[in-house]
Structures are given as structure tokens and as C-alpha cells.
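Topology and contacts: notes
Chain residues, written in single-letter form:
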Amino acid sequence: MTGTPTTYATMPTRTPMRSPDSYWLATGPAWARGGSALPERAGVCVLGAGVMGSTLAYWLTRAGLRPLVIERNPAPAMGSSGRNAGRLIQGGNAQHAVAVDRYGHAEALAIYRATLVNRDLVREVTEREGIAASRFPTAKLDLAVEEDEALELKRTAEALRADGIEATWLDLPGAREAFGTDLPDTVLGGLYRPDQDAVHSVAYVRGMAEAAARGGADFACGVTVASVEPYGTDGGWLVTTDAGTVIADQVVVALNAWTPRLLPELAPVITPVRGQLVQTAPVPFRIPQWGLDRGLMYGGQTPDGSLLIGGLRNTVPGRDEGIEVPEGSNTPDFAPDLAERLAEALPTLLPEAAGVPVVRAWSGVMAFTPDRCPLVGAWPGAEGLWVMAAFNGHGMPYAQVMPEQLAERIRGGRGSGIPAAFDPARFL
Ligand SMILES: Cc1cc2nc3c(=O)[nH]c(=O)nc-3n(C[C@H](O)[C@H](O)[C@H](O)COP(=O)(O)OP(=O)(O)OC[C@H]3O[C@@H](n4cnc5c(N)ncnc54)[C@H](O)[C@@H]3O)c2cc1C
């Protein structure tokens, strides 16, 4: 991993460059296990060792199974799960009031409740597995600068409270207090939700993978899957890789934006979207996780006090959606001008951050669906084939509960904590 952080001033501003390692990859624990040789047969074969695949492997081992995880990289968490902002924001992709309008109250509440179960599982599992240090407490403050967004956030505060969930609309003075540092006068206020979590993304995911391996999961890292096809006439799947083939009773495709490479039917459904983050040097104040302009700009803070700022894709419409990820790469090409815009926008929102240097910037890929809900469940009409992908830039709030519930379905249970809105069959 890198020693000295990349200095922002030394980054080329015009030519595309590969994103440097994220803060998490640069400061996270190494993966100490060597890659397992591929067995000829496996009960359950999980494709991808991001947060979803690694955590699914963990829950399968808790049920007494010994899954095989196949990962292209030499270690877990080198895709998007090691390149995100580490924020576990409760609730779905849309604000609760918008989700109620969109999916109806029962389904919107099922989605929100799933993320509360997720919160509890993250706390319980990190304690049990000795990775409590990878998690840290925070709050969430969604800021509004436009009247219509302020109304939406006020409506959300009311809708959440009506459902028994703590949430408050704060006018600017209250928002400033909750933010812990100054905010510009253009901010009208914000929706405040306490009791949230953030994680050191790489320490957390590798901790989950390590716990799965201790429980009996095999991690075949450095192995790329080329195809998954039905095998024989008695059920089962033939997984073909660059290191040989495996016959598996059940296969779970947890490949984020790479999923359509194995399941081409999902190419019209999953849009790869570039996300970027910049990181400052540590600041002497602590702020909650925040979002602005309906999440088009967002941020958080690392345990050492560095600020993370992401978003602003909307400033060049259409450029980052449908982006190519070069073959063999973990991320789309890095866009230095986007990093520059994020760095410039920072002191506009956080006046006290003026002059704080940006020390690192990186990119990653997200997988978006037309309805902004992920794909979690059985592949219709194909017994033993499952998908868990396309978390629309918002995977962490589901990254325990969906794997835990999918593991239950794989074992023949109901897995009723997976909202109906996530069923892959809706597109197939
Ligand atoms: C800049 C950025 C910021 C983000 N911030 C947040 C945030 O703060 N909070 C949040 O909830 N979400 C955030 N996200 C989204 C979050 O990172 C994802 O939802 C989550 O990581 C998805 O996990 P995953 O396991 O599905 O994907 P990944 O971590 O990408 O895992 C997929 C794995 O599949 C492997 N793979 C791909 N193809 C093959 C193959 N053919 N054979 C074998 N292995 C293969 C990859 O190497 C990878 O390890 C952010 C994303 C980005 C890019």
C-alpha cells in the first residue's frame, strides 16, 4: 500500500489517471490468507468478495455450511467496498417521505426497518468477531439549500416520527450546532438523525471475510470467473474460471457493476456509475455524516479526523453514468477535474475547512437500477442461482441484513426480511 499520501497539487489535472488507493485500502489491514486452490465441487459458491459476498459467506458458515468464495483480486474489499465513504446511512436510497410516495407506506417502512435491523447486526457482529474497532458512531444531517428540498426533509422528519423513528428538522442555528462547525447562510436547515454508524471499510470487510474463513469458508482469491452455466440434468451449476472449473449446487452472483458480465440479461438493468471522493488532512473538529442537494454532494469523516467529500456528478450531466470499467480494473478512470471541483466546493459548505489541504482522491464504480432498489433474491426459473447486486451507491445500510436473509433463503427458509421491492424477478 502507499506510504506518503498523494498530494493533490501534484495530480495531473487534464489527462485521465488511475485512481490511487483509497484511504481505507492504504490504511487497512492486509489480507493474510493465501488463495485456496479451487475444489472440483462446492455446495454454495459465492462470486465476489466485496462486502456483500464476504458477509454472505459469514452467514452461511454460521448456518454450518462451508461456502467457496471466488474473487478476482488477491484480497477481499478491493472493489467498491474498499473505495466508498464507509457510511452506514439508515433508510433506503430516497428520503422516507419520497419512498412512501414511491413504493407505498408498507414497502417503504419494510425498507427502512431492514436498515435498522442492519444497524443492530453490524453492532452485534463486529463485537462478536473482534472487529469492533472498525466501526465508529456518528449521526446524519441532510442539509437543504432549496425550499422544496427543505419541505421534503420536513415531511420526512414527520413521516419517520410517525413510524417511531427518531428524526428532527433543524433550522439553521440548530443545524449549525448539530454540524459542530459553521455552515453558510444559504443553508435553510437540515434533517437530523442520531445513532448512525460508519466503518473503516477495508478493516470491516476483511474482518468479515476473516470471520467467514475462521468459520470454514474457502476464499479463492486471484481467480476470475468467466461464466456460470447450468450443469447436467440434476440441477447444479458449472462455474468456469481462469483457474479451472467448479461444479456447485448453488451459486450467488455478488459482482456489483460487473454482474452483467456473467448475467447479460442484467445489462439493460444495471448502469455502472462512477463515484469519486476526495480526502482532506485531519481537521480539529468532528462533524456528522452529511448530505446536500438530495445527496448530490455528501461527506463524512474518517476516524483520524480527515474529511471525505463526494458527489457533484450532476455538474457534468451524463458523463459518469454508463461509464466503462477497464478490463481487469477495480474502478473507472479517475477524473481529476471532478476531484478538483469537490475540493473547490468544500470551503463553500464548510468555511472552517478553507485552506485545509486535500491529500488524496480516488474513484470507484456503483451499480444503479432504474427504480434505485437493489437486486436480492433468486434468479427466476433457475433453481440454485441467486443474485445480490446493484446497491445504487448505498450498499452499507444493507450489508449485514441482506446477506443474512439471503443465507436463510439459500438454506430453504423464508428470508422474509428482504423487501419485495428488491426481487430481481421484477426486471426479468
Ligand atoms: C466513491 C464511492 C462512495 C461510496 N460511498 C458509500 C457510502 O458511504 N455508503 C454506502 O452505503 N455505499 C457507498 N458506496 C457504495 C458501496 O461501496 C457499494 O454499495 C458496496 O461496496 C457494494 O458491495 P459489493 O460487494 O456488491 O461490491 P464490490 O465491493 O465491488 O464487490 C464485487 C467484487 O466482485 C469482484 N469481481 C468482479 N468481477 C469478478 C469476476 N469476473 N470474477 C471474480 N470476482 C469478480 C470484484 O473484484 C469485487 O471485489 C460508495 C461507492 C463509491 C464508488
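Everything quoted here is computed from the prediction, not taken from an experiment. (Residues numbered from 1 in each chain as written. Predicted model: local features only at pLDDT ≥ 70, side-chain atom pairs only at ≥ 80, totals over all residues. Heavy atoms only, no water.)

1. Remarks on the packing of helix 2 (residues 51-62) against helix 10 (residues 401-410)
- Axis separation between helix 2 and helix 10 bottoms out at 8 Å; the angle between their running directions is 50°. Regarding the angle of helix 2 to helix 10, the classification is oblique. Where helix 2 crosses over helix 10, the handedness of that crossing is right-handed. Together, M52, T55, L56, W59 and L60 of helix 2 and P403, E404, L406, A407 and I410 of helix 10 make up the contact between the two elements.
- In terms of residue class, the contact of helix 2 with helix 10 is built from eight nonpolar, one polar and one charged. (Axes fitted to C-alpha atoms, helices over the stretch in contact; angles between N-to-C directions. Helix = DSSP H or I, 4+ residues; strand = E, 2+ residues; numbered from the N terminus. Parallel < 35°, antiparallel > 145°, perpendicular 65-115°, else oblique. Left-handed = near helix turned anticlockwise from the far one by under 90°. Contact = heavy atoms within 4.5 Å. Nonpolar A, V, L, I, M, F, W, Y, C, P; charged D, E, K, R; others polar.)

2. Concerning unusual backbone geometry
- For N256, which is not glycine, the phi dihedral falls at a positive 50°.
- In this structure, N256 sits in the loop between strand 10 (244-253) and helix 8 (259-262).
- In this model, A390 sits at a positive phi of 65°, which is unusual for a non-glycine residue.
- Position of A390 among the secondary structure elements: in the loop between strand 17 (385-389) and helix 10.

3. Quick look at the environment of L88
- With respect to the secondary-structure elements, L88 resides in strand 3 (residues 87-88).
- Separated by 111 residues in sequence, L88 and V199 place their C-alpha atoms 7.6 Å apart.
- For L88, the residues in contact, after removing those within four places along its chain, are N118, V122, Q196, D197, A198, V199, Q289, M396 and P397.

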